[in-house]
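Close look at the chain arrangement
Residues per chain, in single letters:
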Amino acid sequence: MAVNETLRVLRTLRYDAGHFSLFLQAGTIGPQAQPGNFAMLQAGDGLRPYLRRAFSIADVTTWRGVPAIEFVMKVVGVGTEMLGRFSEGTPVPVLGPLGIPFPIGDLEPGDRVALVAGGIGLAPLVLLARRLSEKGIEADLFYGGRNESDVLKRADFERLLGSHHCRYASDDGSIGRHGKVTELFEGALAAGIGFRRVYACGPVPMFRALARILEEGKIDASFAFESEMACGFGVCLGCVAPTADGRFATICREGPCLPPSAIDWSRL
Amino acid sequence: MSTVDLAVQLGSLRLKNPIATASGTFGYGLEFSEFVDLSSLGAISVKGLSLRPCHGNPPPRICETDAGMLNAIGLQNVGVEAFLAEKLPELDRLGATVIANVWGDTEDDYCAVVERIGAERRIAAIELNVSCPNVVKGGMVFGNDPAALGVLVRKVRAVARRPLIVKLSPNVGDIVATARAAVDNGADILSLINTLVGLAIDLERREPKIGFTTGGLSGPAIRPVAVRMVWEVRKALPKIPIFGIGGIERTEDVIEFLIAGANAVQVGTANFRNPSLSAELVKGVAEWCAAHGESRVSNIVGTLKTRPRLEHTYA
Ligand SMILES: Cc1cc2nc3c(=O)[nH]c(=O)nc-3n(C[C@H](O)[C@H](O)[C@H](O)COP(=O)(O)OP(=O)(O)OC[C@H]3O[C@@H](n4cnc5c(N)ncnc54)[C@H](O)[C@@H]3O)c2cc1C
Ligand SMILES: Cc1cc2nc3c(=O)[nH]c(=O)nc-3n(C[C@H](O)[C@H](O)[C@H](O)COP(=O)(O)O)c2cc1C
Ligand code: FES
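Residues numbered from 1 in each chain as written. Chains lettered and ligands numbered in written order. Predicted model: local features only at pLDDT ≥ 70, side-chain atom pairs only at ≥ 80, totals over all residues. Heavy atoms only, no water.

Quick look at the overall build of chain A
Scanning chain A from N- to C-terminus turns up 5 helices and 16 strands. Overall, chain A is about 50 × 45 × 35 Å in size when its C-alpha atoms are taken along their principal axes. Split into buried and exposed, the 268 residues of chain A put 57% on the buried side. In chain A, of all internal contacts separated by at least 6 residues, the share reaching a separation of at least 24 is 67%. Surface summary for chain A: the accessible area is close to 10,600 Å², and the carbon and sulfur share equals 50%. Averaging the locations of the 28 positively and 29 negatively charged side chains of chain A gives two centres separated by 4 Å. (Helix = DSSP H or I, 4+ residues; strand = E, 2+ residues; numbered from the N terminus. Buried < 20%, exposed > 50% of the residue type's maximum accessible area, 1.4 Å probe, protein only. Contact = heavy atoms within 4.5 Å. Areas by Shrake-Rupley, 256 points an atom, 1.4 Å probe, with all protein chains shown as cover. Lys, Arg positive; Asp, Glu negative; His and termini not counted. Charge placed at Lys NZ, Arg CZ, Asp CG, Glu CD.)

Listed below in structure tokens is the structure:
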């Protein structure tokens, strides 16, 4: 059940190139959060930014013994800019947890799955990696970005999944394979690795390429979609994507985690 | 704190307080039941209903603007049939006072939805949306033209068996002309305003940010326009009950609308920003009245004291 509560900033951790982690008190949202859920955060009490912003719940952890929710963000505009400047103790109105999470309930020990991330799309996959490792599911990470600064939280993934299960790609070759993350993933398929399911989050071009590969290989998948959102809980009908059955689905309520086969890629 | 009488009377429609929620910003109400006790609100106006379910416009449908947003949802809704069967019983169980916001492409469409609602007692009033700027047909055609609006309202009035609210468009030169056309042809209540047509541009692509090109502007940015229109209609039509709508965020905004002449208000886009806001405003209005020695909220309505407008002089 979604909660509308005010949570204080515990800590801000800065990475390269405008990326940062924002740790908030867990409140009642943290304990309920499942991988793939997101929250709507209000950046400041002024009129700019006016609407709340959507962020994946990247992890549920502790900071100095205090239960915390972690968000991993990239500064792209006024809202993320403000959130990045919040100091310890700043109250942030948060609505969450929201949306349909990644389906993991049906996985069994012995299953092997893949996590495919592009850029800031790593965010929902951290908590997913944590839950999968708790369940004893073998998971491989394929993570790509433009360059090394785009490929975040590698230590966390390597700890949760095992470093031999984490593979990287970058457009400029500064980390991992020189090229696209989808090529990295295709390489694993070509090497004969079979995946029970693929979980992915990233930009639309990555989704398009991946959806084609998965369709050809008839591999089950769940993608965490993004869209501009005004409300985050299914009432404004602003965040929709075209569906294969000819409708528009709200990304915030029917998603954000949806099988790629549910989307009409030709109209997206 | 002395108790304040928050009840307001809009024609035959009695509300327990003047805080309602605006159509399209409150879903079918049920989505908010986690955040608000629906029975604590004056009323909720549900997402615009059409005779048949409607898919709405292709995305992108929304974008943020300074102190507000543009939307061109295109009236996506489940249709009146599904609403009555699947949503209304639950709303009734939760004690909500429900306003059915309806629309159509043609006069016959409007009448058909209204007839389908019939004398349904769980619907407190019907609100005609004649002012949606985001569909190619219908909506605005009626909202912009007093003559066409008059004909539509008369036809709907003839089949309506619940109190009839007509929701006016601000995208007109003379709001009083459309207000009069609605009232003269049988509107029991007016609500104003709907969104103002706007355009936002993605500079790099040189394309509109909204798929429909233009969208409806809502939020605090439009409030002064809405307050002015409520005031103009109140002056011209002293008796007609009015819902004031547009950019309400705080208790003071509600009071401003009441002073301008609204009998009640509808909270819109701000519900997205804070889903608990409407219930907070009910408390806020009671506190404001108590602090200002007002025992009945309805006493505030239309109490604006204007100064005479003097002609300019030259040096
Ligand atoms: C379910 C969901 C989960 C998300 N998770 C994360 C996350 O974990 N970390 C993270 O950094 N970002 C995430 N995002 C994207 C994040 O919501 C946007 O980056 C943010 O809203 C931008 O706000 P701003 O005020 O900084 O930028 P604005 O000034 O509003 O916009 C700057 C640019 O970003 C684009 N933009 C705005 N909103 C979105 C959006 N919702 N999605 C994509 N582009 C957008 C605009 O078109 C514009 O080009 C998520 C989005 C969704 C819908
Ligand atoms: C996303 C969105 C959807 C809307 N849908 C409807 C609708 O279906 N019917 C209607 O009469 N008004 C609709 N409106 C208009 C609002 O009810 C209201 O009149 C307008 O937004 C101004 O109020 P505000 O500034 O408080 O939002 C919609 C507004 C928004 C922002
Ligand atoms: S963001 Fe409002 S419906 Fe999805």
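Points about the packing of helix H1 (residues 80–93) of chain B against helix H2 (residues 107–117) of chain B
Residues and elements named next belong to chain B. Following both chains from N to C, one finds H1 and H2 inclined at 20°, their axes separated by 10 Å at the closest point. Judged on the interaxial angle alone, H2 and H1 are roughly parallel. Crossing hand, H1 versus H2: right-handed. Taken together, the residues of H2 that come into contact with H1 (itself represented by Val80, Glu81 and Leu84) are Val113, Arg116 and Ile117. Its residues placed into classes, the contact of H1 with H2 shows 4 nonpolar, no polar and 2 charged. (Axes fitted to C-alpha atoms, helices over the stretch in contact; angles between N-to-C directions. Parallel < 35°, antiparallel > 145°, perpendicular 65-115°, else oblique. Left-handed = near helix turned anticlockwise from the far one by under 90°. Nonpolar A, V, L, I, M, F, W, Y, C, P; charged D, E, K, R; others polar.)

Focus: the domain arrangement of chain A
Residue and element names in this part refer to chain A. Domains assigned within chain A are domain 1 (3–98) and domain 2 (112–226). Taken together, the contacts link 19 residues of domain 1 with 14 residues of domain 2. At the junction of domain 1 and domain 2, the tally comes to 2 salt bridges. A salt bridge links aspartate 59 to arginine 130; the nearest nitrogen and oxygen atoms lie 2.8 Å apart. At the surface where domain 1 touches domain 2, the tally comes to 3 residue pairs in polar contact (both at pLDDT 80 or more). Only strand S2 (19–25), strand S5 (59–63) and strand S6 (66–74) provide two or more residues apiece to the side of domain 1 that touches domain 2. Ranked by the residues each element gives to the side of domain 1 that touches domain 2, the list is headed by S6, at 4 residues. (Domains from an automatic or database assignment. Salt bridge = Lys/Arg side-chain N within 4 Å of Asp/Glu carboxyl O. Polar contact = N/O pair within 3.5 Å; in protein donor to acceptor, adjacent residues only side chain to side chain.)

Here we look at the sheet that holds S5 of chain A
All names here are of chain A. Here 7 strands make up an open sheet; going across it, the order is S4-S3-S7-S1-S2-S6-S5 and the pairing antiparallel. In the strand order of this sheet, the two ends are held by strand S4 (53–56) and S5, each with one partner. Looking at each pair of strands side by side, their axes are set apart by 45° on average, direction ignored. Packing of helix H2 (residues 123–135) onto the sheet brings it into contact with S4, S5 and S6, and relative to S5 it is tilted by some 80°. (Pairing = 2+ DSSP bridges.)

Here's the deal with the site of ligand 2
The immediate surroundings of ligand 2 are formed by 25 residues, with Ser23, Lys167, Gly219, Gly247 and Thr269 of chain B found nearest. What surrounds ligand 2 is not a single chain but chains A and B. Lysine 47 of chain B has a polar side-chain atom sitting 3.0 Å from a nitrogen atom of ligand 2. Interatomic distance of 2.5 Å between a side-chain N/O atom of threonine 269 of chain B and an oxygen atom of ligand 2. With the chains in place, 98% of the 610 Å² that ligand 2 exposes on its own is no longer accessible. In terms of residue class, the shell around ligand 2 is built from 8 nonpolar, 15 polar and 2 charged. (Near = heavy atom within 4 Å.)

A look at the interface of chain B and chain A
Contact residues are listed per partner, giving 34 residues for chain B and 31 residues for chain A. Together, the buried faces of chain B and chain A total about 2,600 Å²; carbon and sulfur atoms form 61% of this surface. Ranking the residues of chain B by area buried against chain A places Glu64, Phe272 and Arg273 of chain B at the top, with a combined share of 28%. Linking glutamate 64 of chain B and arginine 53 of chain A is a salt bridge whose minimum nitrogen-to-oxygen distance equals 2.8 Å. At the boundary of chain B and chain A, one finds 12 residue pairs in polar contact (both at pLDDT 80 or more). Secondary structure elements with two or more residues in the side of chain B that touches chain A: strand S5 (62–65), strand S6 (68–71) and helix H8 (270–273) of chain B. The biggest single contributor to the side of chain B that touches chain A is H8 of chain B, with 4 residues. (Buried area = accessible area lost by both parts, 1.4 Å probe.)

With respect to the sheet that holds strand S4 (residues 43–45) of chain B
Residue and element names in this part refer to chain B. Taken in spatial order, the 8 strands close into a barrel running S3-S4-S7-S8-S9-S10-S15-S16, and their pairing is parallel. On average, adjacent strands in this sheet sit at an angle of 25° to one another, irrespective of strand direction. Its contacts with the sheet place helix H6 (residues 223–236) against strand S10 (189–192) and strand S15 (242–245), and it is angled at close to 165° to S15. This element, helix H9 (residues 277–291), spans strand S3 (19–21) and strand S16 (264–267) of the sheet and lies at about 165° to S3.

Some words on the site of ligand 1
Residues and elements named next belong to chain A. As a matter of local geometry, ligand 1 sits amid 20 residues, with Arg53, Ala54, Val72, Gly79 and Thr80 nearest to it. Glycine 79 places a main-chain nitrogen or oxygen 2.6 Å from an oxygen atom of ligand 1. Contact with the protein chains hides 75% of the accessible area of ligand 1, taken as 850 Å² for the molecule alone. Elements that contribute at least two residues to the shell around ligand 1 include exactly S4, S6 and helix H1 (78–85). The element that contributes the greatest number of residues to the shell around ligand 1 is S4, accounting for 4 residues. For the shell around ligand 1, the class distribution of residues is 11 nonpolar, 5 polar and 4 charged. Domain assignment of the residues forming the shell around ligand 1 places at least three in each of domain 1 (3–98) and domain 2 (112–226).

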